[in-house]
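# Remarks on the overall topology
Here are the chains, one letter per residue:
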Amino acid sequence: MSLNKKATLFLVATPIGNLSEVSERTLSVLRDVAVIACEDTRNSIKLLTHFDIHTRMITYHNFNEKESTRGILKFLEEGKDVALISDAGYPLISDPGYELVNEVIREGYDIVTVSGPNAALNALVASGLKTIHYLFYGFLNAKQSQARKELEELKDFPYTLIFYEAPHRIEKTLKLALEVLGDRKACLARELTKMHEEYHRGTLRELCELRNLKGEMVLLIEGKEKKAEEIDHDELMEEIDRLVNDGTRTREAVSEIAERYGISKNGLYNDYLKRKKEL
Ligand code: SAM
């Protein structure tokens, strides 16, 4: 539905390290809006100065979202476009903006997203863990007891889990994850898009051996693998279909699924062909 109110709130993703990842559209939106709302002007000024952008900045914080929201709505009421940015990546993704977006939707102004980098997705696609379904969790609670409860809730979740974590907590978090989730495949992606970008891929137990982890990091952990007896037959057929539709040969697709769930290749192949004939 197109709205009649004139002003627009732009949700603009900004680089997560490498400034050359900024797009032309990002720059033109940041130049053209009346105001840029950011988390911390001291951080965002670096980006804006680098690109010679002199748009007025105001702060938008988690701790005063209500008040900041009112301020931004005032600009929109005056017909002025506003861009919301965070220190890095997408606003609202483990960053402020949720309150604002909902108020702006309620008030009927347009909202437009301007695409860009996001640490979780960068990490996911390079992790080697399954990408077809995943859960972005963001930060676990800073208190270990709460974090443990959160991990307990995620324990049986069958899809890749993605967490943001701070360097001073990562060793504890890895240990806790090993304790609660068991030894699963995992990846720690560090300093994405920056000079020292690196990926530690292994199991949680192996990652627990790492020391002096610095910089910004994303932790990815494989979802709970289903045991053969827990697998629904139709689900298996669908998984094979998905691989075949993505271009994998039928025999290879069957082998991959059979290996994944530890079941007989021949039996599965015959079942698959039989099902295809019946369809
Ligand atoms: N809004 C951001 C996004 O869209 O990705 C996330 C902001 S959140 C406050 C900051 C966390 O994101 C960091 O603690 C880290 O877990 C992750 N992160 C941000 N930049 C990163 C980078 N260059 N490499 C790895 N992780 C990063």
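Here goes a summary of the coordinates provided. (Residues numbered from 1 in each chain as written. Predicted model: local features only at pLDDT ≥ 70, side-chain atom pairs only at ≥ 80, totals over all residues. Heavy atoms only, no water.)

## A word on the pairing of strand 8 (residues 185-190)
- Extensive coverage of strand 8 is indicated by the burial of five of its six residues.
- Examined bridge by bridge, strand 8 and strand 9 (residues 198-203) share six bridges and lie antiparallel to one another. Among the inter-strand pairings, Leu188 is bridged to a residue of strand 9, identified as His200.
- The pairing of strand 8 with strand 10 (residues 217-221) spans five bridges and is classified as antiparallel. Residue pairing for strand 10: Cys187 is matched across the bridge by Leu220. (Buried < 20%, exposed > 50% of the residue type's maximum accessible area, 1.4 Å probe, protein only. Helix = DSSP H or I, 4+ residues; strand = E, 2+ residues; numbered from the N terminus. Pairing = 2+ DSSP bridges.)

## What about the nonpolar core?
- In this structure, Leu151, Phe163, Leu174, Leu188 and Ile221 are the most contacted members of the largest nonpolar core, which totals 23 residues.
- Looking at this core, the elements that each hand over two or more residues are helix 6 (144-154), strand 7 (160-165), helix 7 (170-181), strand 8, helix 8 (204-207) and strand 10.
- Counting residues per element, this core draws most heavily on helix 7, at seven residues.
- Filtering out sequence-adjacent residues up to four positions away, Phe163 remains in contact with Tyr137, Gly138, Leu140, Leu151, Leu154, Met217, Val218, Leu219 and Ile221.
- Ranked by size, the runner-up nonpolar core spans 17 residues in total, among them Ala7, Ile58, Val82 and Val101. (Core = buried A, V, L, I, M, F, W, Y, C linked by side-chain atoms within 4.5 Å. Contact = heavy atoms within 4.5 Å.)

## Side note on the site of the ligand
- Lining the immediate environment of the ligand, one finds 18 residues, of which Ile16, Tyr90, Asp95, Tyr164 and Met217 sit closest.
- Contact distances for the ligand include 2.8 Å between a nitrogen atom and a side-chain N or O atom of Asp95.
- The contact in question runs from a nitrogen atom of the ligand to an N or O atom on the side chain of Glu216, over 3.4 Å.
- Protein contact buries 91% of the 570 Å² of open area that the ligand shows by itself.
- Listed by contribution, the elements that provide at least two residues to the shell around the ligand are strand 7 and strand 10.
- Each residue belonging to the shell around the ligand can be placed in one class, and the counts come to 10 nonpolar, three polar and five charged.
- Each of domain 1 (8-117) and domain 2 (120-221) gives at least three residues to the shell around the ligand. (Near = heavy atom within 4 Å. Polar contact = N/O pair within 3.5 Å; in protein donor to acceptor, adjacent residues only side chain to side chain. Areas by Shrake-Rupley, 256 points an atom, 1.4 Å probe, with all protein chains shown as cover. Nonpolar A, V, L, I, M, F, W, Y, C, P; charged D, E, K, R; others polar. Domains from an automatic or database assignment.)

## Looking at the pattern of salt bridges
- Tallied over the entire structure, the rule returns 16 salt bridges.
- Taking the shortest distance from any N to any O, the salt bridge between Lys66 and Glu99 comes out at 3.5 Å. Here Lys66 is found in helix 3 (residues 65-77), whereas its partner Glu99 is found in helix 4 (residues 98-107), with 33 residues between them in sequence.
- Judged by relative accessible area, which is 56%, Lys66 ranks as exposed.
- Here Glu99 falls in the partly exposed class, since its relative accessible area comes to 27%.
- Two residues, Glu216 and Lys194, come together in a salt bridge whose shortest N-O distance is 2.9 Å. (Salt bridge = Lys/Arg side-chain N within 4 Å of Asp/Glu carboxyl O.)

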